[in-house]
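Analysis of the macromolecular model
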Amino acid sequence: MHRMDRMDAVDWLGNFLSCRDCPHVEIREKGLCDLGQICVRDRRARRIDRFFAASPQESAKYLDHPYFELRVGAVKYASVFQLRALIDDEEPDVRAMVAQRLPLRLAEKLIGDSDRKVRMAMAQRVEGAGLVKLLFDEDSGVRLIAARRAPPDILAGATNDDDPQVRCEAARRIVLDKLPAMARDPEPRVRMIIAERLAPAQLGLLVADDDLRVRFLVAERCGTELLARLRDDPDPEVRRLVQARLDEAQQ
């Protein structure tokens, strides 16, 4: 396998690599690089990353390299003081790595970046009210990350999101007094989460839900006064649960 890796070692222009013309003689002598496995001149991102992981001091030399994978690897390991110049890099993967590493106050402009990868990276870092803008991002992946991290009291905007996954996350995390307003959500998965979180006294909002899974959760959690309304439920599993709970209450 290792021999095959050496045969497969080519640079970003497709040229076969050789250690003879490598500029990193000292690193090779220390055993910190290995053709086909750990090599900064290889086109494969994993091999580049291994090189910088073993020799991070070399990363600054490659921050302006024409091959974007090399710039990505260099940004990952270089000093943060050297990264500001790459905030406008033409390659989204480079900007996404800058977004992960640059001090937040310097990276804030990337919240409005044109590429979703970069905005997703920012959604992982921005805190508190700073996530409001990202809750309304055009990309659902960005909105989902923001919904997972935003304070529960600012999630109201996510309750009407076009993406059911985002609304599910809002239902899991939003403050409880905002939860009843989501009870008519068109997505059963959202209503199931609501049925698990509502106070038992509020479950009347879902007692006649169209989805049997929602009604089953209501039957599990509601008070005995609501159970009677589920006694004639069209689903036999719900009816069995209701009867079992009513029998238990009478004992």
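Residues numbered from 1 in each chain as written. Predicted model: local features only at pLDDT ≥ 70, side-chain atom pairs only at ≥ 80, totals over all residues. Heavy atoms only, no water.

1. Let's talk about the overall build of the chain
So the rule is basically this: Helix numbering and strand numbering both begin at the N terminus, where a helix is a DSSP run of H or I of at least 4 residues and a strand a DSSP run of E of at least 2. For the radius of gyration, the atom set is restricted to C-alpha positions; the globular benchmark scales as 2.2 Å times the number of residues to the power 0.38. Burial classes: relative accessible area under 20% of the type maximum marks a residue as buried, over 50% as exposed, and values in between as partly exposed (1.4 Å probe, protein chains only). In this description, accessible areas are obtained by the Shrake-Rupley approach with a 1.4 Å probe, and a residue is regarded as covered only by the protein chains that are shown.
Regarding its fold elements, the chain presents 14 helices and 0 strands. Secondary structure elements in the chain, listed N-terminal to C-terminal, are α-α-α-α-α-α-α-α-α-α-α-α-α-α. Whereas a compact globule of 251 residues would reach a radius of gyration of roughly 18 Å, the chain reaches 27 Å, over 25% beyond that. Across its three principal axes, the chain shows a C-alpha extent of roughly 85 × 45 × 30 Å. Out of the 251 residues belonging to the chain, those deemed buried represent 45%. Working note: accessible area of the chain is about 13,800 Å², and carbon and sulfur atoms make up 49% of it.

2. Concerning the packing of helix H11 (residues 188–197) against helix H12 (residues 212–221)
The condition is simple: Axis definition: a line fitted to C-alpha atoms, over the contacting stretch in the case of helices. Angles run 0 to 180 degrees between N-to-C directions. Any angle that falls under 35 degrees is termed roughly parallel, while one over 145 is termed roughly antiparallel, one within 65 to 115 roughly perpendicular, and all others oblique. Residue contacts are counted whenever heavy atoms from the two residues lie within 4.5 Å of one another. Polarity classes work like this: nonpolar for Ala, Val, Leu, Ile, Met, Phe, Trp, Tyr, Cys and Pro, charged for Asp, Glu, Lys and Arg, and polar for all others, with Gly in that last group.
Running from N to C, H11 and H12 cross one another at 0°; their axes reach a closest spacing of 9 Å. As the angle between them shows, H11 and H12 are arranged roughly parallel. Only Arg213, Val214, Leu217, Val218 and Arg221 of H12 make contact with H11, whose side of the interface consists of Pro188, Arg191, Met192, Ala195, Glu196 and Arg197. Partitioned by chemical class, the residues of the contact of H11 with H12 number 6 nonpolar, no polar and 5 charged.

3. With respect to empty space enclosed by the protein
A probe as big as a water molecule, rolled over the atoms, marks out the empty space that is left. Formally: Within this scheme a cavity is a closed region of a 1 Å grid, computed over the protein atoms alone, that accommodates a 1.4 Å probe without allowing it to escape, whereas a pocket is open but has protein on both sides within 12 Å along at least five of seven lines; lining residues each have an atom within 4 Å of a point. Grid points are joined across faces, edges and corners, and a volume is the space filled by probe spheres set on the points.
The full count for this structure, using the stated rule, is 1 cavity of 30 Å³ or more. Considered as a void within the structure, the largest cavity measures approximately 90 Å³ in volume. Contributing to the lining of the largest cavity are 14 residues, with Cys19, Cys22, Cys33, Ile38 and Cys39 lying nearest its centre. Classifying every residue of the lining of the largest cavity by side-chain character gives 9 nonpolar, 2 polar and 3 charged.

4. Looking at the packing of helix H3 (residues 45–54) against helix H4 (residues 68–77)
In plain terms, the rule: Take the far helix as the reference: if the near one is turned anticlockwise from it by less than a right angle, the crossing is left-handed, and if turned clockwise, right-handed.
Running from amino to carboxyl end, H3 crosses H4 at an angle of 30°, the nearest separation of the two axes being 9 Å. Here H4 runs roughly parallel to H3, going by the angle between their axes. Remark: the crossing between H3 and H4 carries right-handed chirality. Residue-level contacts link Ala45, Ile48, Asp49, Phe52 and Ala53 of H3 to Glu69, Leu70, Gly73, Ala74, Lys76 and Tyr77 of H4. Grouping the amino acids of the contact of H3 with H4 by side-chain chemistry returns 7 nonpolar, 1 polar and 3 charged.

5. Focus on the UniProt feature "domain: LRV FeS4 cluster" (unreviewed entry) in the chain
Threshold: UniProt positions are given in the numbering used here, feature names are shortened, and annotations may be inferred rather than shown by experiment.
As recorded in UniProt, the feature "domain: LRV FeS4 cluster" (unreviewed entry) lies at residues 9–56. In residues 9–56, the share of helix is 31% and the share of strand is 0%. The end C-alpha atoms are 21 Å apart.

6. Section: the domain arrangement of the chain
The test is simple: Domain boundaries shown here were taken from an automatic or database domain assignment.
When its domains are assigned, the chain resolves into domain 1 (1–78) and domain 2 (191–250). For domain 1 versus domain 2, the distance between C-alpha centres works out to 61 Å.

7. Thoughts on helix H7 (residues 116–123)
We apply this condition: For the purposes of these results, a polar contact is taken to be a pair of N or O atoms within 3.5 Å, where, inside protein, one atom must be able to donate a hydrogen and its partner to accept one; residues adjacent in sequence count only when each atom of the pair is a side-chain atom.
Within the sequence span of H7, burial applies to Val118, Arg119, Ala121, Met122 and Ala123. The inward-facing, buried residues of H7 abut helix H5 (92–101), helix H6 (104–107), helix H8 (132–135) and helix H9 (140–149). Of the residues that open H7, the one with a side-chain oxygen 2.8 Å from the backbone nitrogen of Lys117 is Asp115.

8. Section: the environment of Asn160
Along the chain, Asn160 turns up in the loop between H9 and helix H10 (164–173). A sequence separation of 91 residues divides Asn160 from Gln251, and the C-alpha atoms of the two residues are 44 Å apart.

9. So, the pattern of salt bridges
So the rule is basically this: Put simply, a salt bridge is a Lys or Arg side-chain nitrogen that is within 4 Å of an Asp or Glu carboxyl oxygen.
In total, this model carries 22 salt bridges according to the counting rule given. Residue Asp8 is joined to Arg44 by a salt bridge in which the shortest nitrogen-to-oxygen separation is 2.0 Å. Of this pair, Asp8 sits in the loop between helix H1 (2–7) and helix H2 (25–29) while Arg44 sits in the loop between H2 and H3, and the two are 36 residues apart along the sequence. A relative accessible area of 26% places Asp8 in the partly exposed class. With its nearest N and O atoms 3.1 Å apart, the salt bridge here joins Glu187 to Arg189. Here the residues in one salt-bridge network are Arg119, Asp137 and Glu138, joined through shared partners.

10. What to know about the packing of aromatic side chains
Selection criterion: Pairing of aromatic rings covers Phe, Tyr and Trp, the last through its six-membered ring, and needs centres within 6.5 Å; plane angles under 30 degrees mean stacked, over 60 mean edge-to-face, and all others mean tilted.
Across all of its chains, the model carries 5 aromatic pairs by this definition. Their ring planes at 20° and their centres at 5.8 Å tell us that Trp12 and Tyr67 sit as a pair that is stacked. Linking Trp12 in the loop between H1 and H2 with Tyr67 in the loop between H3 and H4, this pair joins segments that are 55 residues apart in sequence. For Trp12, a relative accessible area of 34% gives the class partly exposed. Judged by relative accessible area, which is 13%, Tyr67 ranks as buried. Aromatic pair Tyr67 and Phe68: ring centres 5.8 Å apart, planes at 70°, arrangement edge-to-face. For Phe68, a relative accessible area of 25% corresponds to the partly exposed category. In textbook terms, an aromatic cluster arises when at least three aromatic residues are bridged by ring pairs, as seen for Phe51, Phe52, Tyr62 and Tyr77.

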